[in-house]
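Descriptive analysis of the structure
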Amino acid sequence: MAKDFATRAENYSEWYNELVLRADLAENSAVRGCMVIKPYGYAIWEKIQGALDAMFKETGHVNAYFPLFIPNSFFSKEASHVEGFAKECAVVTHYRLKNDPNGKGIVVDENARLEEELIVRPTSETIIWDTYRNWIKSYRDLPILCNQWANVVRWEMRTRLFLRTAEFLWQEGHTAHETEAEAMEEARKMLEVYADFAENWMSVPVLKGTKTANERFAGALETFCIEAMMQDGKALQAGTSHFLGQNFAKAFDVKYLSRENKLEYVWATSWGVSTRLMGALIMAHSDDNGLVLPPKLAPIQVAIIPIYKQAEQLAAISEKVHEIEKALKARGISVKYDDRDAYKPGWKFNEYEFKGVPVRLAIGPRDLEQGTVEVARRDTMEKTVCSLENIDALIENLLAEIQTNLLQKAKNFRTENTHTANTWDEFKDIIENKSGFVLAHWDGTPETEQKIKEETKATIRCIPLNNSLEEGKCIYTGKPSTQKVVFAKSY
RNA sequence: CGGGGUGUAGCGCAGUUGGCUAGCGCGCCACGUUCGGGACGUGGAGGCCGAAGGUUCGAGUCCUUUCACCCCGACCA
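Residues numbered from 1 in each chain as written. Chains lettered and ligands numbered in written order. Predicted model: local features only at pLDDT ≥ 70, side-chain atom pairs only at ≥ 80, totals over all residues. Heavy atoms only, no water.

Here we look at the overall build of chain A
Counting its regular elements, chain A contains 15 helices and 27 strands. Taken over the C-alpha trace, chain A has a radius of gyration of 26 Å; the compact-globule value for 491 residues is 23 Å, and the two agree within 12%. Each of the three principal axes of chain A carries a C-alpha extent, and together these read 80 × 65 × 60 Å. For chain A, the proportion of its 491 residues judged to be buried stands at 53%. Counting only contacts in chain A whose residues sit at least 6 apart along the sequence, the fraction spanning at least 24 positions is 68%. Approximately 22,400 Å² of chain A is accessible, and the part contributed by carbon and sulfur atoms is 49%. Each charge class in chain A was averaged separately, 61 positive and 71 negative side chains, and the resulting centres sit 2 Å apart. (Helix = DSSP H or I, 4+ residues; strand = E, 2+ residues; numbered from the N terminus. Rg over C-alpha atoms; globule rule 2.2 N^0.38 Å. Buried < 20%, exposed > 50% of the residue type's maximum accessible area, 1.4 Å probe, protein only. Contact = heavy atoms within 4.5 Å. Areas by Shrake-Rupley, 256 points an atom, 1.4 Å probe, with all protein chains shown as cover. Lys, Arg positive; Asp, Glu negative; His and termini not counted. Charge placed at Lys NZ, Arg CZ, Asp CG, Glu CD.)

Digging into the environment of A112
Among the secondary structure elements, A112 is positioned in the loop between strand 7 (106-108) and strand 8 (113-120). Residues in contact with A112, not counting those within four places in the same chain, are T93, H94, Y95 and R96.

A short note on the protein's contact with RNA strand B
If you check the shell around RNA strand B, you find 35 residues, and the closest are M157, R158, R164, R276 and F354. Within 4 Å of the protein, the atoms of RNA strand B are drawn from sugar and phosphate moieties in a proportion of 38%. In this structure, a base nitrogen belonging to RNA strand B sits 2.6 Å away from a side-chain N or O atom of E353. Here K383 contributes a side-chain N or O atom positioned 2.7 Å from a base nitrogen of RNA strand B. Of all the secondary-structure elements, those providing two or more residues to the surface near RNA strand B are helix 2 (12-22), helix 11 (345-354), strand 19 (359-363) and helix 12 (365-370). Among the elements that make up the surface near RNA strand B, the one with the highest residue count is helix 11 (7 residues). Taken together, the residues of the surface near RNA strand B break down into 10 nonpolar, 7 polar and 18 charged. (Near = heavy atom within 4 Å. Polar contact = N/O pair within 3.5 Å; in protein donor to acceptor, adjacent residues only side chain to side chain. Nonpolar A, V, L, I, M, F, W, Y, C, P; charged D, E, K, R; others polar.)

Side note on the packing of helix 3 (residues 39-58) against helix 7 (residues 180-200)
Running from N to C, helix 3 and helix 7 point in directions that differ by 145 degrees, and their axes come no closer than 11 Å. Read as a crossing pair, helix 3 and helix 7 show a hand that is right-handed. Residues I48, A51, L52, M55 and F56 of helix 3 lie in contact with helix 7, whose contacting residues are M190, V193, Y194, D196 and F197. In terms of residue class, the contact of helix 3 with helix 7 is built from 9 nonpolar, no polar and 1 charged. (Axes fitted to C-alpha atoms, helices over the stretch in contact; angles between N-to-C directions. Left-handed = near helix turned anticlockwise from the far one by under 90°.)

Observations concerning the sheet that holds strand 9 (residues 144-153)
Strand pairing within a sheet occurs via backbone hydrogen bonds; the two strands may be parallel or antiparallel. Read from one edge of the open sheet, 11 strands run 3-9-10-16-13-12-11-24-27-23-22, paired in mixed fashion. The strands lining the two open edges of the sheet, one partner per strand, are strand 3 (62-63) and strand 22 (418-420). Two elements, strand 9 and strand 10 (residues 167-177), share 10 bridges in a ladder whose sense is antiparallel. What sits directly across from W149, in strand 10, is Q171. (Pairing = 2+ DSSP bridges.)

As for the packing of helix 14 (residues 424-434) against helix 15 (residues 446-456)
Interhelical geometry of helix 14 versus helix 15 gives an angle of 50 degrees and a closest axis separation of 11 Å. The orientation of helix 14 with respect to helix 15, classified from their angle, is oblique. Taken as a pair, helix 14 and helix 15 cross one another with a handedness that is right-handed. Within the contact between the two elements, helix 14 uses W424, F427, K428 and I431 and helix 15 uses I452, E455 and T456. Residues that form the contact of helix 14 with helix 15 fall into these classes: 4 nonpolar, 1 polar and 2 charged. (Parallel < 35°, antiparallel > 145°, perpendicular 65-115°, else oblique.)

Let's talk about the environment of R276
Tracing the backbone through its elements, the reader meets R276 in helix 9 (residues 276-285). Each C-alpha atom of the pair R276 and V373 lies 37 Å from the other, and the pair is 97 residues apart in sequence. Those residues in contact with R276 that sit more than four places away from it in its chain are F162, L163, R164, L236, Q237 and Y491. A polar atom in the side chain of R276 sits 3.1 Å from the backbone oxygen of Q237.

Here we look at unusual backbone geometry
The peptide bond linking L142 to P143 adopts the cis configuration, its omega dihedral lying at -5 degrees. Phi at N390 is positive, roughly 60 degrees, even though this residue is not glycine. You can see N390 is positioned in the loop between strand 21 (383-387) and helix 13 (391-416). Assessed through its relative accessible area of 56%, N390 is described here as exposed. A positive phi angle is found at S435, which is not glycine, with a value near 60 degrees. You can see S435 is positioned in the loop between helix 14 and strand 23 (437-441). Its relative accessible area of 23% is what places S435 among the partly exposed residues.

Structural notes on helix 13
With 26 residues, helix 13 should reach 38 Å at 1.5 Å per residue; the first-to-last C-alpha distance of 36 Å fits that figure. Considered for burial, the residues of helix 13 that qualify are I391, D392, I395, L398, L399, I402, Q403, L406, L407, A410 and R414. (Expected span 1.5 Å × (residues − 1).)

Concerning the confidence of the model for chain A
Per-residue pLDDT for chain A has a mean of 92; in total, 97% of the residues score no lower than 70. Reported for the predicted complex are a pTM of 0.94 and an ipTM of 0.84. (pLDDT = per-residue confidence, 0-100.)

What about a nonpolar patch on the surface?
A grouping of L97, I106 and V108 is seen on the molecular surface, where their side chains present a nonpolar patch of about 280 Å² in accessible area. Within the secondary structure layout, L97 lies in strand 6 (residues 97-99). Owing to a relative accessible area of 56%, L97 belongs among the exposed residues under this scheme. (Patch = residues over 30% accessible without salt bridge, like charges linked within 9 Å, V, L, I, M, F, W, Y side chains within 5 Å. Salt bridge = Lys/Arg side-chain N within 4 Å of Asp/Glu carboxyl O.)

Observations concerning the packing of aromatic side chains
All chains considered together, the criterion is met by 18 aromatic pairs. On the basis of an interplanar angle of 40 degrees and a centroid distance of 5.3 Å, the ring pair of Y132 and W135 is categorised as tilted. One end of the pair, Y132, and the other, W135, are both in helix 6 (residues 125-135), 3 residues apart, so they sit about a helical turn from each other. Judged by relative accessible area, Y132 falls into the buried class, the value being 0%. Judged by relative accessible area, which is 39%, W135 ranks as partly exposed. With centroids separated by 6.3 Å and ring planes inclined at 20 degrees, the aromatic side chains of F197 and W201 adopt a geometry described as stacked. Here F197 falls in the buried class, since its relative accessible area comes to 2%. One aromatic cluster is present, built from ring pairs that chain together W45, F56, W149, Y194 and W271. One cation-aromatic arrangement involves K355 over Y40; the distance from NZ or CZ to the ring centre is 5.0 Å. (Phe/Tyr/Trp six-rings, centres within 6.5 Å; stacked < 30°, edge-to-face > 60°. Lys NZ or Arg CZ within 6 Å of the ring centre and 35° of its normal.)

Okay, here's the thing in structure tokens:
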């Protein structure tokens with residue numbers, strides 16, 4: 001764990017896994033590529049869920065739930081969608097087991113084969129659009145603004161804790177609209193919600209942009225995304241919002257009678273973020289002492305640790321702590337008073353640092369005498385002795401400061417690691433030796449993007465929204481280009 | 001699916017050209033001393049050495065088969 005940053009970045013996945021495990025967030029399960037999210041990790045997910053859910057409701061959305069299983073025939077209705085997901089689907093073929101006639105435990109009963117295979121959802125567009133067909137008759141039924149919190153399964157060849165597990169938790173919004181403009185507005189609006197969440201809750205700055213055709217969601221006409229930079233300079237796609245056009249409406253025959261009494265196909269969007277966000281959170285802020293959580297998403301915002309020798313001392317400290325606890329809770333701050341006798345103060349200090357608790361208070365006999373408390377902040381590791389008077393207000397301010405400081409720190413890091421490349425040699429040099437984001441001209445063709453990927457492993461992360469247009473030459477082909485796009489190696 | 005690697009206590013590992021009762025660190029349990037940055041001492045519990053088969057007087061070690069996991073690619077949120 002005590003590796004310097006250079007070594008850590010080299011073996012980022014190793015460091016990251018170690019960190020996750022030691023911070024008690026998750027572990028690999030016995031099922032290939034799946035993860036067990038432990039209670040503390042799940043508590044972070046619940047914070048993420050809670051904040052996002054409130055934002056969805058504020059923007060007029062409601063929650064619903066659709067089946068886990070998707071009939072094979074549904075799946076094949078939208079051609080490019082099938083192509084995109086076919087290679088990573090888990091399929092249910094039977095519905096019964098039986099005792100092995102040879103006495104070797106339990107086997108699949110071949111007589112119980114399903115007439116039609118069921119696909120474990122890798123995403124729910126198909127089953128939802130099949131359902132929406134029955135919900136939509138007229139323009140009066142529109143828009144439909146549904147979100148689903150669910151698990152999905154993608155049988156990835158290679159998995160990585162949080163970032164790419166075979167099963168993951170996510171939310172997927174699926175909306176249906178009367179007009180193209182309204183659907184496009186929805187897709188953009190949800191991108192803004194995601195960006196807002198990333199920056200103001202996760203303290204992770206993100207680039208907003210559109211994906212190139214190569215990177216677009218299977219079945220979408222336009223994919224909007226937020227891209228974050230991890231501490232090793234790699235990019236992480238943290239959320240996507242898709243404008244689906246009428247592709248799914250046509251595939252599932254979802255038509256409505258318009259205000260002009262004409263039968264029209266509806267317009268669609270879908271958007272989602274997953275437990276990958278937790279990976280982003282970990283990899284964006286953590287250091288060699290463990291996790292660093294932004295206060296707004298920390299299950300425990302303040303840990304209080306008593307320092308004492310005898311039981312009477314502890315009793316006196318506890319009395320004081322209960323007052324502090326009460327004052328903090330009155331301000332909506334989550335507090336954990338760790339008075340377990342089984343662990344020593346030093347052990348607890350390290351424990352809460354691992355877990356990323358933003359603020360730690362230590363209070364001992366010395367403090368009792370002087371009416372003080374030791375306040376340690378996780379982001380800077382600074383310790384100060386403060387008066388107990390108005391400690392609740394002080395901590396409330398400190399939490400807010402940590403929240404913005406983390407964002408600022410991450411922003412600075414991103415700025416330092418964003419480069420501009422004007423020549424191909426320069427481009428290759430940056431990708432290989434510096435990492436981070438590289439702004440460069442591109443001729444706009446999938447072929448060029450593909451070749452750059454093959455030669456450098458860097459892909460176009462996004463074409464930034466509101467990108468400033470400028471004449472230039474493609475870094476690779478020298479053909480004319482109108483804007484710089486963002487390249488990076490990604491997870 | 002291709003290339004590489006690893007399977008020995010809960011975790012991390014050592015175990016020599018086959019040899020006697022399979023070891024170390026951390027963790028765990030008990031007692032005592034400690035307690036302002038992961039304490040220390042003493043005692044203790046915990047293993048069909050990934051699985052199956054073979055060679056041998058004797059296999060953690062050699063051979064064959066197989067399974068699982070990890071890493072690097074291709075694929076992807």
